[in-house]
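Given next are the chains, with one letter for each unit.
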Amino acid sequence: MGHSSFSGALYAFTNRQRNKIKCLMWEDNGFVLYYKALAEEKFKWPGPADELMPLTGEQINWLLDGYDISLLRGHKTLHYESVG
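What counts as what
- Residues numbered from 1 in each chain as written.
- Predicted model: local features only at pLDDT ≥ 70, side-chain atom pairs only at ≥ 80, totals over all residues.
- Heavy atoms only, no water.
- Pairing = 2+ DSSP bridges.
- Helix = DSSP H or I, 4+ residues; strand = E, 2+ residues; numbered from the N terminus.
- Axes fitted to C-alpha atoms, helices over the stretch in contact; angles between N-to-C directions.
- pLDDT = per-residue confidence, 0-100.
- Contact = heavy atoms within 4.5 Å.
- Buried < 20%, exposed > 50% of the residue type's maximum accessible area, 1.4 Å probe, protein only.
- Core = buried A, V, L, I, M, F, W, Y, C linked by side-chain atoms within 4.5 Å.

Participant: Quick question: what am I supposed to make of the pairing of strand E3 (residues 30-37) here?
Facilitator: Residues in a regular strand project their side chains so that they alternate between the two faces of the sheet. Note that strand E2 (residues 20-27) and E3 share 8 bridges and pair antiparallel. Of the residues in E3, the one forming a bridge with Ile21 is Lys36. Once E2 ends, the chain turns through 2 residues before running back antiparallel as E3, passing Asp28 with a positive phi of about 60°.

Participant: Sorry if this is basic, but what is going on with the sheet that holds strand E1 (residues 10-14) here?
Facilitator: Hydrogen bonding along the main chain pairs the strands of a sheet, whether they run parallel or antiparallel. Strand order across the open sheet formed by 3 strands is E1-E2-E3, with antiparallel pairing between neighbours. With one partner strand each, in any of the chains shown, E1 and E3 form the two edges of the open sheet. Across the sheet, the axes of successive neighbouring strands diverge by a mean angle of 15°, strand direction being ignored.

Participant: Just checking my understanding: could you explain the confidence of the model for the chain for this structure?
Facilitator: Predicted coordinates in regions of low pLDDT should not be interpreted in detail. Put simply, the chain has an average pLDDT of 83, and 92% of its residues get 70 or more. Of all secondary-structure elements in the chain, the lowest mean pLDDT belongs to helix H1 (residues 57-65), at 85, while E3 reaches the highest, 92.

Participant: Where do I start with the environment of Tyr67 in this structure?
Facilitator: Within the secondary structure, Tyr67 is located in the segment after H1. C-alpha of Tyr67 to C-alpha of Asp28: the two residues are 39 residues apart in sequence and 30 Å apart in space. Those residues in contact with Tyr67 that lie beyond four places of it in its chain are Lys44, Trp62 and Leu72.

Participant: Can you walk me through unusual backbone geometry in this structure?
Facilitator: Excluding glycine, residues mostly have negative phi values, and the peptide bonds linking residues are mostly trans. Residues other than glycine seldom take positive phi values, yet Arg18 does so here, at roughly 60°. Secondary-structure assignment places Arg18 in the loop between E1 and E2. Of note, the phi angle at Asp28 is positive, near 60°, even though the residue is not glycine. Tracing the sequence through the fold places Asp28 in the loop between E2 and E3. Since its relative accessible area comes to 73%, Asp28 is described here as exposed.

Participant: Sorry if this is basic, but what is going on with the nonpolar core here?
Facilitator: Of all hydrophobic cores here, the largest spans 8 residues; its members are Ile21, Cys23, Phe43, Ile60, Trp62, Leu63, Leu64 and Ile69. Mapped by element, the contributors of at least two residues to this core are E2 and H1. Considering each element in turn, this core owes the most residues, 4 residues, to H1. With sequence-adjacent residues up to four places away left out, Cys23 is seen in contact with Leu10, Tyr11, Ala12, Val32, Leu33, Tyr34 and Leu64.

Right under this line is the structure:
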């Protein structure tokens, strides 16, 4: 993948049928593996042109809950220098 597996990033993979997902993440002294298999539906997965897509924790939860993350947008983050 060209990235360090030990950086603490979460990597998500799906099968061709898009009904199973595996999430892999390094946590201190070992890997954490999360596996979910859907009984009837499919995961809404980003397009094939997107090989590596950075996601927020919220977007990962949306993906696992079955939402199309390309359609969902949270409020924009605001950055201010001062108040008043």
